[in-house]
Amino acid sequence: MNVILNKLHGHIVSIPSFLSINLPLNLRYFSKSSLNGSKINFDFSKALVLNKITRYEFEKKRYLNIAEEKLKLKLQERGSNYDRLIEHHNIHYRSLERILNAFKEKGIETRVTQRYNYSYDDINWANCIFSAGGDGTFLLASAKIKSNDKPVIGINTDITSSEGHLLLPKEQSVNFSQTLAKLLNGKFSWLYRARIRIYLEGENVDEQPIELHDQVLKNLEHRYIEHMEENRQTKLKREAKNSKNSESKLFRIPTLALNEVFIGEALSARVSYYLMSIDDGPLFRQKSSGIIICTGTGSTSWCYNINKMSAQSVKRIINLVKSKINNGENTIPANDDNFVSNITHEFNDSIVFEPDQLRMAYTIRDPVINRIYTNETNRGFGKKLIVQSRCFDACLVIDGSQSYQFNDGSKAVLETLPEDSLKTVLVNKD
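Computed from a predicted model, the values in this text were never measured in an experiment. (Residues numbered from 1 in each chain as written. Predicted model: local features only at pLDDT ≥ 70, side-chain atom pairs only at ≥ 80, totals over all residues. Heavy atoms only, no water.)

A. Layout of helix α12 (residues 337–349). The end-to-end C-alpha distance of α12 is 18 Å, a good match for the 18 Å that 13 residues give at a rise of 1.5 Å each. When α12 is considered as a whole, its buried residues turn out to be Val340, Thr344 and Asn348. Each buried residue of α12 lies within a common arc of 60° when the element is viewed along its axis, so the set occupies one face. Residues of α12 that are exposed and point more than 90 degrees away from the buried face comprise Asn338, Asn342, Glu346 and Asp349. Those residues of α12 that are buried are in contact with α10 (302–307) and α11 (311–324). For α12, the capping residue at the N-terminal end is Asp336, with a side-chain oxygen 3.0 Å from the backbone nitrogen of Asn338. (Helix = DSSP H or I, 4+ residues; strand = E, 2+ residues; numbered from the N terminus. Expected span 1.5 Å × (residues − 1). Buried < 20%, exposed > 50% of the residue type's maximum accessible area, 1.4 Å probe, protein only. Arc of directions from axis to C-beta. Contact = heavy atoms within 4.5 Å. Polar contact = N/O pair within 3.5 Å; in protein donor to acceptor, adjacent residues only side chain to side chain.)

Here it is as structure tokens:
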């Protein structure tokens, strides 16, 4: 099976030295056609497209300077399907070409970039950011958008392998030319996804975070490499400010969390100790496997899967309830599969909340409840959360990517503010 070539609209593009395939980076084209007369609610005349790194490209980077046949053997030894990687790589790039053709047909000035050179210069140039890939690419695109005035729109380039909760629906992604026409004609509404702002206080909290994706690639790829310099500059500004004002303690993390924040011991087998406060209430002690704090966007992801119940568990509970009422002589349909399924779905649906709500849901994982640790509320909501660490080797992780040290004595303040929301769209359906 052949790897798709880089012939996109006849333009010559530069190739990273670490890849043996052709890859469109920083592609620019300009159209003479005008958008005059279009009834639009927003100026889409300059679009920046953030292109995903496919799994095939990931593996090429992971195994530098090896021949294609050796790469194929290496992947087969690991149980990976080389031909399938190539197939999905090609699906993605065919989708990308359709997306770029749609922009060209509408006369939209477009730049294409990837994570390696996704820069603030390109972001400032663009009116709108489009991510071409899956949810991970959307998270990467949104991580550098700090305000709520520049929209980010996600396009699913491979619906066979990506669910795309954060992206345009599958039909609108596949038929992007029609979707773009709706955008230009104002047939959409704005959706402001709440994000979590985080302040840290304590020893070494302003050190450069660990980029978790780097650990997979053995420091070869920096998924969020641009944040390293951003964090360094933030730290320098903070030190300069603190030299003038010794009372300033809180360090604001530059990255806003779109999905969730995890706080707990880095080693999952170790119990996490911490104090917690909700909406400026009193601190209470917790002993658990850590805490997850999510937005409405993230309520469909990790938090949902922690809290959801299976039909088997619901059925068991219903049977227990049935047995306690009138000695089991009642009309509760405990063995009715449709009844059990409806109750299960209703409970699980209650875990999810709207992405634009300015509040956070917290879930305490595996809480220890005894004479000392008496709090029995393992999940709830708040607009402001404070967590004080009593941990030994803990971390605070943002969207599964950036990890900050969070050991004994450290404090985190988490809140949702309207100015931190991420601007995206809901395109009208036919």
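B. Focus on the pattern of salt bridges. For the structure on display, the rule yields 11 salt bridges. Here the salt bridges do not stand alone but share partners, grouping Arg197, Arg252, Glu419 and Asp420 into one network. (Salt bridge = Lys/Arg side-chain N within 4 Å of Asp/Glu carboxyl O.)

C. Quick look at the sheet that holds strand β9 (residues 251–252). Read across the sheet, six strands follow the order β9-β7-β19-β16-β11-β12 without closing on themselves; strand pairing throughout is antiparallel. With one partner strand each, in any of the chains shown, β9 and β12 (284–288) form the two edges of the open sheet. Where strand β11 (residues 272–278) meets strand β16 (residues 384–389), five bridges bridge the pair, whose relative direction is antiparallel. Across the sheet, Tyr274 pairs through a bridge with Ser389, a residue of β16. (Pairing = 2+ DSSP bridges.)

D. Seen up close, the sheet that holds strand β8 (residues 210–211). Strand order in the open sheet formed by seven strands is β8-β18-β17-β10-β13-β14-β15, with antiparallel pairing between adjacent strands. For this open sheet the edge positions go to β8 and β15 (379–382), each flanked by a neighbour on one side alone.

E. A look at the pairing of β11. For β11, a buried count of five out of seven residues is recorded, marking the element as mostly surrounded by other parts of the structure. Examined bridge by bridge, β11 and β12 share five bridges and lie antiparallel to one another. Counterpart to Met276 in the pairing with β12 is Phe284.

F. Local environment of the confidence of the model for the protein chain. Mean pLDDT over the protein chain: 84, with 81% of residues reaching 70 or higher. Mean pLDDT per element in the protein chain: strand β1 (residues 27–29) is the minimum at 38, and strand β5 (residues 152–156) is the maximum at 98. Contacts of residues 4–39 to residues separated by more than four positions or lying in other chains number 86 contacts, the stretch itself having pLDDT below 50. Overall, residues 217–230 carries pLDDT values under 50, and its contacts beyond four positions in sequence, including any with other chains, amount to 39 contacts. (pLDDT = per-residue confidence, 0-100.)

G. Representation of the packing of aromatic side chains within the structure. Under the defined criterion, the tally for this structure stands at 10 aromatic pairs. Consider the rings of Phe44 and Phe188, whose centres lie 6.0 Å apart with planes at 75°: the pair is edge-to-face. Taken together, the positions of Phe44 in the loop between β1 and β2 (46–51) and Phe188 in strand β6 (residues 188–193) put the pair 144 residues apart, joining distant regions of the chain. The same class applies to Phe44 as to Phe188, namely buried. With 6.4 Å between their ring centres and 70° between their planes, Tyr56 and Tyr82 make a pair best called edge-to-face. Of the two residues, Tyr56 is situated in helix α1 (residues 55–62) and Tyr82 in helix α3 (residues 82–105); the sequence distance between them amounts to 26 residues. Judged by relative accessible area, which is 1%, Tyr56 ranks as buried. (Phe/Tyr/Trp six-rings, centres within 6.5 Å; stacked < 30°, edge-to-face > 60°.)

H. Representation of the environment of Leu275. Its place among the elements puts Leu275 in strand β11. Under the relative-accessibility criterion, Leu275 is labelled buried at 16%. For the pair Leu275 and Val387, spaced 112 residues apart in sequence, the C-alpha separation works out to 5.6 Å. Apart from the residues within four sequence positions on either side, Leu275 is in contact with Leu283, Phe284, Arg285, Ile386, Val387, Gln388 and Arg390.

I. Quick look at the packing of α11 against α12. For the pair α11 and α12, interaxial distance at closest approach is 9 Å and the crossing angle is 110°. Classed by the angle they form, the pair α11 and α12 counts as roughly perpendicular. In contact with Ala311, Val314, Lys315 and Ile318 of α11, α12 contributes Asp337, Phe339, Val340, Ile343 and Thr344. When the residues that make up the contact of α11 with α12 are grouped by side-chain class, the tally is six nonpolar, one polar and two charged. (Axes fitted to C-alpha atoms, helices over the stretch in contact; angles between N-to-C directions. Parallel < 35°, antiparallel > 145°, perpendicular 65-115°, else oblique. Nonpolar A, V, L, I, M, F, W, Y, C, P; charged D, E, K, R; others polar.)

J. α1, seen in detail. Most of α1 is tucked away, with six of its eight residues classed as buried. Looking at α1, one finds that the buried residues are Tyr56, Glu57, Phe58, Glu59, Lys60 and Lys61.

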